[in-house]
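# A structural walkthrough
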Amino acid sequence: MATKKYTVTLPEEPAEEIRSEVGPGAFSAYVTHAVERRREQDRLGELVAWLEEKHGPVTEAELAAAEAERREIERWFDEDRAHGEGREAA
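Described below are features of the structure shown in this document. (Residues numbered from 1 in each chain as written. Predicted model: local features only at pLDDT ≥ 70, side-chain atom pairs only at ≥ 80, totals over all residues. Heavy atoms only, no water.)

## Observations regarding the overall build of the protein
Along the backbone of the protein there are three helices and zero strands. Secondary structure elements in the protein, listed N-terminal to C-terminal, are α-α-α. Here the C-alpha radius of gyration of the protein, 21 Å, is well above what a compact globule of 90 residues would show, namely 12 Å. Across the 90 residues that make up the protein, the buried fraction comes to 6%. Looking at the protein as shown, the accessible area adds up to about 8400 Å², and 56% of this sits on carbon and sulfur atoms. (Helix = DSSP H or I, 4+ residues; strand = E, 2+ residues; numbered from the N terminus. Rg over C-alpha atoms; globule rule 2.2 N^0.38 Å. Buried < 20%, exposed > 50% of the residue type's maximum accessible area, 1.4 Å probe, protein only. Areas by Shrake-Rupley, 256 points an atom, 1.4 Å probe, with all protein chains shown as cover.)

Pasting the structure below:
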């Protein structure tokens, strides 16, 4: 990917915290990653708005069903991971 140098102004405290954690050489990569994540979130928000315009807002029942499904998937992965750890020890 092509790169171009930009000048941005950041609040000093969080910028220095990041620089001390990742080092000066990785600061640009950190900021790039943060900008990419923000763009993804913006695009997801646009998708949600479009879907709600087409199909109406998500209902509480739909949210509850999705949360129940997410928890079930999480449980399945936790159980699978626990069984995998037992296989590795054997």
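From this point, the narrative continues.
## Section: the layout of surface pockets
By volume, the largest pocket amounts to about 750 Å³. Lining the largest pocket are 23 residues, and of these Y6, V8, S28, V31 and T32 lie nearest its centre. Of all elements in the fold, only helix 1 (12-22) and helix 2 (27-55) reach the threshold of two or more residues within the lining of the largest pocket. Ranked by residue count, the leading element in the lining of the largest pocket is helix 2, at eight residues. For the lining of the largest pocket, a count of residues per class yields 15 nonpolar, four polar and four charged. (1 Å grid on protein atoms, 1.4 Å probe; cavity = no way out; pocket = protein on both sides within 12 Å on 5 of 7 lines; lining within 4 Å. Points joined across faces, edges and corners; volume = space filled by probe spheres on them. Nonpolar A, V, L, I, M, F, W, Y, C, P; charged D, E, K, R; others polar.)

## Topic: the packing of aromatic side chains
This structure, assessed with the given rule, holds one aromatic pair. Between W76 and F77, the ring centres sit 4.9 Å apart and the planes meet at 85°, which makes this aromatic pair edge-to-face. Overall, the relative accessible area of 49% leaves W76 in the partly exposed class. One cation-aromatic arrangement involves R19 over F27; the distance from NZ or CZ to the ring centre is 4.5 Å. (Phe/Tyr/Trp six-rings, centres within 6.5 Å; stacked < 30°, edge-to-face > 60°. Lys NZ or Arg CZ within 6 Å of the ring centre and 35° of its normal.)

## Focus: a nonpolar patch on the surface
On the surface, a nonpolar cluster with roughly 370 Å² of combined accessible area is contributed by L44, L47, W50 and L51. Take L47: it is sitting in helix 2. For L47, a relative accessible area of 41% corresponds to the partly exposed category. (Patch = residues over 30% accessible without salt bridge, like charges linked within 9 Å, V, L, I, M, F, W, Y side chains within 5 Å. Salt bridge = Lys/Arg side-chain N within 4 Å of Asp/Glu carboxyl O.)

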